[in-house]
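Architecture at a glance
Residue-level listing of the chains:
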Amino acid sequence: MREKHVDVGRGLLVVAMTYGHVLQFFGDAQLFPMVQRLIDGINLLVFPSFVFYFGMTAALAYLRRPYAAALPGMLRTALRAYGAFALSGIGYRVLRENRALSPAAVRRVLLLTDIPGWSEFLIAFAIYSLLLAAGFGLFARLAARPRAALAAGALCLAACLIPYERVGSVRLSLLIGGTAYSYFPVVQYMPYFLAGLVFAQADTRVRGRMAALAAVCTAAGSLRALYRGALPSRFPPHWAWIALPALAVAGLVLLSQALCSLEKTPLQRAARPVLALLARLGGMSLFALVSGNLALFTLAGRGIVPQLARAGLPPWTLPIQSPAGALCWTAVLLALIGFLAMLAGRGRKAQGG
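Residues numbered from 1 in each chain as written. Predicted model: local features only at pLDDT ≥ 70, side-chain atom pairs only at ≥ 80, totals over all residues. Heavy atoms only, no water.

**Observations regarding the overall build of the protein**
Assigned secondary structure in the protein consists of 15 helices and zero strands. Radius of gyration (C-alpha) of the protein: 20 Å, near the 20 Å computed for a compact globule of 353 residues. Counting only C-alpha atoms, the protein reaches 60 × 55 × 50 Å along its principal axes. Across the protein, the fraction of contacts at a sequence separation of at least 24, relative to all contacts at a separation of at least 6, is 75%. Approximately 17,300 Å² of the protein is accessible, and the part contributed by carbon and sulfur atoms is 67%. Separation of charge centres in the protein, based on 33 positive and 10 negative side chains, amounts to 7 Å. (Helix = DSSP H or I, 4+ residues; strand = E, 2+ residues; numbered from the N terminus. Rg over C-alpha atoms; globule rule 2.2 N^0.38 Å. Contact = heavy atoms within 4.5 Å. Areas by Shrake-Rupley, 256 points an atom, 1.4 Å probe, with all protein chains shown as cover. Lys, Arg positive; Asp, Glu negative; His and termini not counted. Charge placed at Lys NZ, Arg CZ, Asp CG, Glu CD.)

**Overview of unusual backbone geometry**
Both trends apply: most residues other than glycine have a negative phi, and most peptide bonds are in trans. Cis geometry is adopted by the peptide bond preceding Pro236, which originates at Phe235 and carries an omega value of -10°. Within the fold, Pro236 resides in the loop between helix H10 (204–228) and helix H11 (239–243). We note that Asn98 has phi near 55°; this positive angle belongs to a residue other than glycine. Relative to the helices and strands, Asn98 is located in the loop between helix H3 (67–96) and helix H4 (103–110).

**A closer look at the packing of helix H9 (residues 190–201) against H10**
In contact at an axis separation of 8 Å, H9 and H10 are set at 150° when each is read in the N-to-C sense. Relative to H10, the element H9 is oriented roughly antiparallel. Where H9 crosses over H10, the handedness of that crossing is left-handed. For the pair formed by H9 and H10, the contact residues are Ala195, Val198, Phe199 and Ala200 on the first element and Val206, Arg207 and Met210 on the second. For the contact of H9 with H10, the class distribution of residues is six nonpolar, no polar and one charged. (Axes fitted to C-alpha atoms, helices over the stretch in contact; angles between N-to-C directions. Parallel < 35°, antiparallel > 145°, perpendicular 65-115°, else oblique. Left-handed = near helix turned anticlockwise from the far one by under 90°. Nonpolar A, V, L, I, M, F, W, Y, C, P; charged D, E, K, R; others polar.)

**Considerations on the pattern of salt bridges**
Under the defined criterion, the tally for this structure stands at six salt bridges. Across the pair Asp114 and Arg93 runs a salt bridge whose closest N-O atoms are separated by 2.6 Å. With Asp114 in the loop between H4 and helix H5 (120–134) and Arg93 in helix H3, the pair connects residues that are 21 residues apart, well separated along the chain. Each member of the pair Asp114 and Arg93 is classed as buried. Among the salt bridges present, the one from Asp203 reaches Arg205, with a minimum N-O distance of 3.9 Å. A relative accessible area of 40% places Asp203 in the partly exposed class. Salt bridges here are not isolated pairs; linked through shared partners, they connect Arg93, Glu97, Arg99 and Asp114. (Salt bridge = Lys/Arg side-chain N within 4 Å of Asp/Glu carboxyl O. Buried < 20%, exposed > 50% of the residue type's maximum accessible area, 1.4 Å probe, protein only.)

**Quick look at the environment of Ala326**
One can find Ala326 in helix H15 (residues 323–352). Assessed through its relative accessible area of 0%, Ala326 is described here as buried. With 299 residues separating them in the primary sequence, Ala326 and Gly27 have C-alpha atoms 7.2 Å apart.

**Some points on the packing of aromatic side chains**
Inspection of the entire model under this criterion finds 17 aromatic pairs. Geometrically, the ring pair formed by Phe47 and Tyr189 is edge-to-face, given 4.8 Å between the ring centres and 85° between the ring planes. A residue pair is termed long-range when its members are at least 10 positions apart, and Phe47 in helix H2 (residues 34–63) and Tyr189 in the loop between helix H8 (170–176) and H9 qualify at 142 residues. Each member of the pair, Phe47 as well as Tyr189, carries the same accessibility label: buried. Between Phe52 and Tyr53 the ring centres are 5.9 Å apart and the planes differ by 75°, which places this aromatic pair in the edge-to-face class. Using a relative accessible area of 6% as the deciding quantity, one classes Phe52 as buried. For Tyr53, a relative accessible area of 0% gives the class buried. (Phe/Tyr/Trp six-rings, centres within 6.5 Å; stacked < 30°, edge-to-face > 60°.)

**Describing the environment of Leu45**
Examined against the element boundaries, Leu45 turns out to sit in helix H2. Along the backbone, Leu45 and Gln307 are 262 residues apart, and their C-alpha atoms lie at a distance of 31 Å. Setting aside chain neighbours within four positions, we find Leu45 in contact with Pro245, Ala248 and Val249.

**Remarks on the environment of Ala29**
Relative to the helices and strands, Ala29 is located in the loop between helix H1 (4–26) and H2. Ala29 gets classed as partly exposed once you look at its relative accessible area, which sits at 34%. Sequence-wise, Ala29 and Met17 are twelve residues apart; in three dimensions their C-alpha atoms are separated by 18 Å. With near-sequence residues (within four places) excluded, Ala29 lies in contact with Val35 and Gln36.

**Things to note about the packing of H10 against helix H12 (residues 246–261)**
At their nearest, the axes of H10 and H12 sit 6 Å apart, and the two run at 140° to each other. For the element pair H10 / H12, the angle class is oblique. Contact with H10, carried on its side by Arg207, Ala211, Ala214, Ala215, Cys217 and Thr218, involves Ala246, Leu247, Ala250 and Gln257 of H12 and no other residues of that element. Grouping the constituent residues of the contact of H10 with H12 by class yields seven nonpolar, two polar and one charged.

See the structure below:
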């Protein structure tokens, strides 16, 4: 079972993450101070939101089915996420860092002893899928018991207090965090996964309480940031970094639901193409993110920057180093990815016929 607002929300996240990556690779924060603020905001929002939607999708796709029927789908999802991580990770080392494509380098990525940048978030979703497959009954019970899920989420958030510098294993760091690489530890971000599981089958009253709790979490994280005068640590994650975007995640869910509701209003003619585009991006989010990464790794690794034109239309008249220019080039990149996906889809259809 799929809900359109989930794909629309994930589509918005694909746009935001791709825009953030374009800003990180090409933006100039010295010339355009807004660049760093945008990057920080995107970094805060995107991964927790993806984890929330991943939990929600898992509840809709798997938890409503018998374990034996759901297991193949969970394993396929884990394999796809692992493959996406491997492709993006190897691409980063070879295309962005211009390293040799050696068997040893490939082996380190495949065996999760090397966690390349801008790819580390992908392996988290493979681990979430495997954890769901291994603890199917437990997650199903937590999804149906919001208070138990809240307690479990609090315990997971407490893992932010562990001494990260003492975690020497790379594979263990993928679970609980560490300092060797930039990790998105699945335990510390587990509250968002559990929230997605609960939200998928909660009634209006429970969802209202979840929104109120999200506001409390954001307030706590904001107070900590104001007290310190800076954002909390992202790598490794401080508890306040995890808590801070909670209300924004809730807001994104409401926004995606509100956008979908436009189809039942007089604005439906204008809304439908936009919603269809976002839903398509959300439905192929893994493909879009990996394709975008590989394109950006290639451009950055070769020092290729889009050239400006004195006359014409955006994006050629806007510097990619600026927020506006980066946004325009993000649109170009996503349009190309969508076009390639369309061609691939037509190719599969032709082969199937």
